[in-house]
Amino acid sequence: MIKTDILIIGAGGPTGLFTVFEAGLLKLKCHLIDALPQPGGQCSELYPKKPIYDIPGFPEILAGDLTKNLLEQAKQFEPGFTLGERADTVEKQEDGTFIVTTNKGTKHQAPVVAIASGLGSFEPRKPQLENLSKFEDKGVEYMIKEPEVYRGKKVIIAGGGDSALDWSIFLADIAESVTLIHRRNEFRGHLDSVEKVQELKDAGKINLITPAEVTDILGDGKVEAIEITKKDEEPFTLETDHFIPLFGLSPKLGPIANWGLEIEKNAIKVNNALDYQTNIPGIFAIGDGNFYPGKLKLILCGFHEATIMCQAAYQIIHPGKKNVLKYTTVSGVDGFDGTRKEAPKAVVQAIT
C-alpha cells in the first residue's frame, strides 16, 4: 500500500505537476498516478515542441521545456510516481481516507484525492487494421518506453507528427533500419525535425515512404512484415521486427466516470466558489478535466485551481490547525530533500 497526503490522478499535465510544489510549501507529500510511462507525458507526446505564449513571466516557452521546469521545481518535494498504470477504482474508508487501485492492482491510500487528469486518461489512437490486436506487445508498440529494445532491429514507424519524426530521428542511430510511413507527403511536425528527417533520408539512414498507409500486419505469433499500400499502386510487403504507429493520443475519462462524481459537459463538476471540491468530500478536480460556470481551459487557470485546492487539502489533513499564508520571498522554500532556497537577507550597516 502506497500512502501519501495528496494522491494526484494525472502526471501528464502542468496542473498536476505544479500541485506537488504548492502542496510541498504546506509540508504535504504527493504521489502521482498516470497511465503514460513518464511524467509530463501529455505535453511530451502531444506537442513537446509547440510554443506556449500565455505562461506568466515566459513570453514564449516550449511545452516540453515547461514540463521539465515543473518537474525540476517539484523535485525538492520528492513526489512518488506510479506510471504506466491507470487509476481504476476508489473506495472510501471508515477513517475518511480513500484507497485508489490501478488496473495493475497497485493500491494507494490518501485522505485527499486530486483529479488532474485533464480530459482523462490518454490512450493511443490505433490504425484500423483487422488483426492489429493479436500483434500488440508482439512487435506492435504504441509508445517507445525503452529505446534499447530496438537496437539492431528493423523498425517501421507510421505517423506524420512530432512523435513520429522525433523517434525516427532518434532510432536512426540505434536500429538496423528505420522506415517512416505517412499517408501524406507533408508532415505536421516541427520544422527542425522535418529538415532532420530529410537529411537522414538523403544520407540513406531513414527509408521514407509517402504517401502510403499500412494495410496489413503479417507474422506467425509476432510481427514479421508489414503490407504497405502507396496511392494508386499495388500493395507490397516490407520485413520488420517492430511496427510503431504514432498517431497521437485520444482522451477518455475512463474508469473515473464510474466513481460517482457529478459529470457535466463531459467534465467533473466542482465547487469553484470555494476550493474545486467535487460532490464527494475529499476528492477534488483541477485543470482541464473540471467544469464550473466560467471555466477556462488554460494552464494558468489550472495553476490557480491547484493552489486553492492545496489550501483546502491542508484543512482536511490537519483539521483545526491554522495555516498562515507566507510568501516564498519571505519564508523561503524548504525541500523534503534537505535543500533550502531563500532570498538574500538585507545587510544592516551604518553609513558614517
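Residues numbered from 1 in each chain as written. Predicted model: local features only at pLDDT ≥ 70, side-chain atom pairs only at ≥ 80, totals over all residues. Heavy atoms only, no water.

Asker: So, the nonpolar core: which residues are in play, and what are the values?
Answerer: Among the nonpolar cores identified, the biggest contains 54 residues, and Ile6, Ile8, Ile9, Val100, Ile115, Trp259 and Leu261 are the most heavily contacted of them. At the level of secondary structure, the elements contributing two or more residues to this core comprise strand 2 (6–9), helix 1 (14–25), strand 3 (30–34), helix 3 (63–75), strand 8 (98–102), strand 10 (112–115), strand 22 (283–285) and helix 6 (299–317). For Val100, the contacting residues outside a window of four places in its chain are Leu7, Ile9, Ile33, Ala87, Thr89, Val90, Thr106, Lys107, His108, Val113 and Trp259. Ranked by size, the runner-up nonpolar core spans 19 residues in total, among them Ala164, Ile174, Leu200 and Leu246. (Core = buried A, V, L, I, M, F, W, Y, C linked by side-chain atoms within 4.5 Å. Buried < 20%, exposed > 50% of the residue type's maximum accessible area, 1.4 Å probe, protein only. Helix = DSSP H or I, 4+ residues; strand = E, 2+ residues; numbered from the N terminus. Contact = heavy atoms within 4.5 Å.)

Asker: Pulling in residues and values, what's your account of a negative patch on the surface?
Answerer: Taken together, the side chains of Asp192, Glu195, Glu199 and Asp202 make up a negatively charged region of the molecular surface. By the secondary structure assignment, Glu199 is in helix 5 (residues 191–202). Residue class for Glu199 comes out partly exposed when judged on its relative accessible area of 48%. (Patch = residues over 30% accessible without salt bridge, like charges linked within 9 Å, V, L, I, M, F, W, Y side chains within 5 Å. Areas by Shrake-Rupley, 256 points an atom, 1.4 Å probe, with all protein chains shown as cover. Salt bridge = Lys/Arg side-chain N within 4 Å of Asp/Glu carboxyl O. Lys, Arg positive; Asp, Glu negative; His and termini not counted. Charge placed at Lys NZ, Arg CZ, Asp CG, Glu CD.)

Asker: I'd love a proper account of unusual backbone geometry, names of residues and values included.
Answerer: Here Thr210 and Pro211 are connected by a cis peptide whose omega angle stands at -20°. Take Pro211: it is sitting in the loop between strand 14 (207–209) and strand 15 (212–218). Even without being glycine, Lys27 reaches a positive phi, approximately 65°. Summarising the element assignment, Lys27 is placed in the loop between helix 1 and strand 3.

Asker: I'd like to hear about the sheet that holds strand 21 (residues 267–269), residue by residue, with values.
Answerer: Pairing in this open sheet of three strands is mixed, and the strands run 20-21-23 from one edge to the other. Edge strands, defined here as strands with exactly one partner in the open sheet, are strand 20 (263–264) and strand 23 (290–291). (Pairing = 2+ DSSP bridges.)

Asker: How would you summarise the packing of aromatic side chains if you had to cite specific residues and measurements?
Answerer: Inspection of every chain in the model, using the stated rule, returns six aromatic pairs. Measuring from centroid to centroid gives 5.9 Å for Phe18 and Phe21, while their planes differ by 25°, and the two rings are stacked. Here the residue Phe18 and the residue Phe21 both occupy positions in helix 1, the gap between them amounting to three residues, near one helical turn. Residue class for Phe18 comes out buried when judged on its relative accessible area of 13%. With a relative accessible area of 10%, Phe21 lands in the buried category. Considering the side-chain rings of Trp167 and Phe170, the 5.5 Å spacing of their centres and the 80° angle between planes classify their relative orientation as edge-to-face. Of the two residues, Trp167 and Phe170 are both situated in helix 4 (residues 162–171); the distance of three residues between them amounts to about one turn of the helix. A connected cluster of aromatic rings, assembled from ring pairs, spans Phe18, Phe21, Phe77, Phe303 and Phe336. (Phe/Tyr/Trp six-rings, centres within 6.5 Å; stacked < 30°, edge-to-face > 60°.)

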